[in-house]
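Chains, contacts and geometry: an overview
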Amino acid sequence: MSLITGLRDLYPHLGFDDRPLAASCDDGWLGILHAFLGDADKAMAAGGTFMLQQVKEKMGGLHMHYATADVAPDARRAIDDAHRLASTRSFHVCEICGRPGRLNNFSGLWKVVCSEHADGELGTGVPFDGPFDAHNSYSPEEDPFVAARPTVAEFEAAPIIQGWLIEEQAEGGHPWLYGWFFGHPDIGEGEHGHTPPLVQMDEMMPPRWVRTDSQLYRLGICYPPAEREIRYWAQKLARRPVTYGEPPGGDNDIEAMLIFLRSTGRLRSMKIDRMELAYREEKESDARSGA
Ligand SMILES: [Zn+2]
């Protein structure tokens, strides 16, 4: 996995040293890791210190090493229980993509994978069908954390949103997602709109799916906000529907879109100036961060 950063802000009661956390497993388990850290953070609110030292894949499952000091026994127990749950869950979640999976043997290498990733870089996996732990009554079907993840088949049948943008709502409200819709039964191809409130979102970055009460969506390409706004207006004022696979706004020439927007006379020039400035700043900060 990637290096994980920003944990200190998310989990104020946990201790991390200043380096980004290096995890030696794939990103599909990010959600499991965050669920564990959320539980540990709650347990640590009563005091003491907790230091996460290592996150790794071992014999196909997720393992974490952490040290605690001055922690009440029930808090320590809650953290150990959360760790056991995380390890158990990892045997049912694809380590590569986070969709439901099972333990497979790839010529001696054990890895939990979904049906799509059971046949790939590692070769063809042989599913493990023995019991993991006869004393553990855990059932993934009864754990919403695992059961609500989109399966490969559901994922492939889901509509896709291109050029998506998350719109946070006021305190307590679920965010929405704006974008151009494709493959939706009730929305015209390439139409721009927003989803109902989101109830679940992929933990991987960038996320590949979101769920509302009634619909799973796949997420396609996303653009930085200022670039996206220019694309939005260029597409809207050109009145050309977006076709699948074509970037909204026509192509990837943002400068040409700005010239076009000024030529239409349909937006106030102050608005276009503001969009252009925001776009230039976005490009500069991308260049600075090496993105
Ligand atoms: Zn997978």
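The coordinates are above.
Residues numbered from 1 in each chain as written. Predicted model: local features only at pLDDT ≥ 70, side-chain atom pairs only at ≥ 80, totals over all residues. Heavy atoms only, no water.

1. Notes on the coordination of the zinc ion
Filter applied, for reference: In this listing, donors mean N, O and S atoms no farther than 2.8 Å from the metal, or 3.2 Å for Na, K and Ca; water is missing from the atoms, so a site can look incomplete. A four-donor site is classed as tetrahedral when every donor-metal-donor angle falls between 85 and 135 degrees; four donors are called square planar, and six octahedral, when trans pairs exceed 155 degrees and all remaining angles lie between 65 and 115, with any other arrangement labelled irregular. Buried means the residue's accessible area, taken with a 1.4 Å probe over protein chains only, is under 20% of the maximum for its type, while exposed means over 50%, and partly exposed covers the values in between.
Note on the zinc ion: its protein donors are Cys94 (SG), Cys97 (SG), Cys114 (SG) and His117 (ND1). The metal-donor distances range over 2.1 to 2.3 Å. Each of the four donor atoms bound to the zinc ion contributes to angles spanning 99 to 118°, and the resulting shape is tetrahedral. Expressed as a motif, the donor residue spacing for the zinc ion is C-x2-C-x16-C-x2-H. Residue cysteine 114 is classed as buried on the basis of its relative accessible area, which comes to 2%.

2. Brief notes about the packing of helix H2 (residues 30–44) against helix H3 (residues 73–90)
Packed helices, taken two at a time, are described by the angle between their axes plus the distance between the axes. To keep it simple, the criterion reads: Helix axes use the C-alpha atoms of the stretch in contact, all axes being lines fitted to C-alpha atoms, and the angles between their N-to-C directions lie in the range 0 to 180 degrees. Only DSSP runs of H or I covering at least 4 residues are called helices, and only runs of E covering at least 2 are called strands; the numbering of each starts at the N terminus. Any angle that is under 35 degrees is reported as roughly parallel, and any over 145 degrees as roughly antiparallel; angles of 65 to 115 degrees are reported as roughly perpendicular and all others as oblique. Two residues form a contact once any of their heavy atoms are found within 4.5 Å. Classification used: nonpolar for Ala, Val, Leu, Ile, Met, Phe, Trp, Tyr, Cys and Pro, charged for Asp, Glu, Lys and Arg, polar for all others including Gly.
Packing of H2 against H3 brings their axes to within 9 Å, and their N-to-C directions diverge by 175°. One finds that H2 runs roughly antiparallel with respect to H3. Residues Ile32, Ala35, Phe36, Asp39, Ala40, Ala43 and Met44 of H2 form the contact with H3, whose own contacting residues are Ala75, Ala78, Ile79, Ala82, His83, Ala86, Arg89 and Ser90. For the contact of H2 with H3, the per-class residue count stands at 11 nonpolar, two polar and two charged.

3. Some remarks on the sheet that holds strand E6 (residues 109–113)
Stated formally: Here, a strand pair is defined by DSSP locating no fewer than two bridges between the strands.
An order of E6-E5-E9 is seen for the three strands of this open sheet, with the pairing classed as antiparallel. Two strands lie at the open edges of the sheet, namely E6 and strand E9 (126–127), each paired on one side alone. Two elements, strand E5 (residues 102–106) and E9, share two bridges in a ladder whose sense is antiparallel. The partner of asparagine 104 across the bridge, within E9, is proline 127.

4. Considering the packing of aromatic side chains
Note the following rule: Here a Phe, Tyr or Trp ring, Trp counted by its six-membered ring, pairs with any other such ring whose centre lies within 6.5 Å, and the pair is stacked when the planes are under 30 degrees apart, edge-to-face when over 60, and tilted otherwise. Any Lys NZ or Arg CZ that is within 6 Å of a ring centre and within 35 degrees of that ring's normal is treated as a charge sitting over the ring.
For the structure on display, the rule yields nine aromatic pairs. Both rings, one in tryptophan 176 and one in tyrosine 178, keep their centres 6.4 Å apart while their planes meet at 65°; by these two values the pair is edge-to-face. A residue is classified by how much of its surface remains accessible, and tryptophan 176, at 24% relative accessible area, is partly exposed. Look at tyrosine 178 and you get partly exposed, because its relative accessible area is 21%. Look at tryptophan 180 and tyrosine 232: their rings are 6.4 Å apart centre to centre, the planes differ by 45°, and that puts the pair in the tilted class. Linking tryptophan 180 in strand E11 (residues 176–182) with tyrosine 232 in helix H6 (residues 225–238), this pair joins segments that are 52 residues apart in sequence. Grouping residues by exposure puts tryptophan 180 and tyrosine 232 together as buried. Members of the aromatic cluster, joined through ring pairs, are Phe36, Phe50 and Tyr66. In this structure, arginine 89 packs its charged tip against the face of phenylalanine 145, placed 4.1 Å from the ring centre.

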